[in-house]
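Letter by letter, the chains look like this.
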Amino acid sequence: MSITFDWYENPAPADQEKEKTFHPRIVVNGQTDTKELRRLIQTRCTLNEVDVAAVLDALSQVMGEELAEGKAVHLDGIGYFTPTLGTTEEVVADTPRKSEKIKLKCIRFRSDRKLKESIGLVKVSRLKKIAHSPKLTAADIDKRLKKYFAEREIMQRKDFQRLTGMVRSTAMMHIRRLCKEGKLQNVGQRNLPLYVPAPGQYGKPDDYQPKV
């Protein structure tokens, strides 16, 4: 099976006029779960599937303990795993910077050269059906949002995706732009945002108060 991909336009500032450039992006061909990995590993060693499952479970626990101590974990032939930090709320210069505001953000992974070499040469084929976000102008988006909010009070990110046909990353880029422009506002929590029109936007009156 080959790696399926499609071409995506590279983002560029709107005030810069230059020739469009593109980059290839993989379209995932499915997912291999732990059960399938256990089976595949078992066929390459003398352990049975129960033993393989026990090893993988122990590996996950041990890696978690080491990463929790701020260590980088290196699996020879696979790569490096490193914990990274984030904050539970926005920290600015005039607010106390306390350790209680710090949380684990994610685990970063950097592959070993050996892992890349084990993949070898790959076959690629372009996706026949377009899967990425359609090109909509700001005016197109505003028009769709006005129609949406004529019937509804609140919008989530997934609603915006359905409305515009955009993938998640592109949808969030436009939502952040609309919030910055003062057209949308988040009345929900940071980890569970709920977007409503700002007063005077998308057909709402200047004294508009959303019913949340």
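Our structure's up above, just so we're on the same page.
From a predicted model like this one, the values you see are computed outputs, not experimental measurements.

Draft legend 1. Expanded view of the packing of aromatic side chains. Summed over all chains, the structure comprises 3 aromatic pairs. On the numbers, 4.9 Å between centres and 45° between planes, the contact of Phe 81 with Phe 109 is tilted. Here Phe 81 is found in strand β4 (residues 79-87), whereas its partner Phe 109 is found in strand β5 (residues 102-111), with 28 residues between them in sequence. Its relative accessible area of 17% is what places Phe 81 among the buried residues. In this structure an aromatic cluster arises from ring pairing among Tyr 148, Phe 149 and Tyr 202.

Draft legend 2. Focus on the environment of Asp 76. With respect to the helices, strands and loops of the structure, Asp 76 is situated in the loop between β3 (73-75) and β4. Between the alpha carbons of Asp 76 and Arg 113 there is a distance of 9.9 Å; along the sequence they are 37 residues apart.

Draft legend 3. Seen up close, the pattern of salt bridges. One pass over the structure, following the stated rule, counts 8 salt bridges. For Lys 71, the salt bridge goes to Glu 66, with nearest N and O atoms at 3.1 Å. Given the relative accessible area of 27%, Glu 66 is considered partly exposed.

Draft legend 4. Inspection of the sheet that holds strand β6 (residues 124-126) at higher detail. The 3 strands lie next to each other as β2-β1-β6, forming an open sheet whose pairing is mixed. In this open sheet, the two edge strands, each paired with only one partner strand, are β2 (22-26) and β6. Here the strands of the sheet are splayed against their neighbours by 45° on average, with no regard to which way each runs. Relative to β6, strand β1 (residues 3-9) runs parallel, the two being bridged by 3 bridges. Each residue of the ladder has a partner; that of Thr 4, found in β6, is Ser 125.

Parameters at a glance
Residues numbered from 1 in each chain as written. Predicted model: local features only at pLDDT ≥ 70, side-chain atom pairs only at ≥ 80, totals over all residues. Heavy atoms only, no water. Phe/Tyr/Trp six-rings, centres within 6.5 Å; stacked < 30°, edge-to-face > 60°. Helix = DSSP H or I, 4+ residues; strand = E, 2+ residues; numbered from the N terminus. Buried < 20%, exposed > 50% of the residue type's maximum accessible area, 1.4 Å probe, protein only. Salt bridge = Lys/Arg side-chain N within 4 Å of Asp/Glu carboxyl O. Pairing = 2+ DSSP bridges. Axes fitted to C-alpha atoms, helices over the stretch in contact; angles between N-to-C directions.

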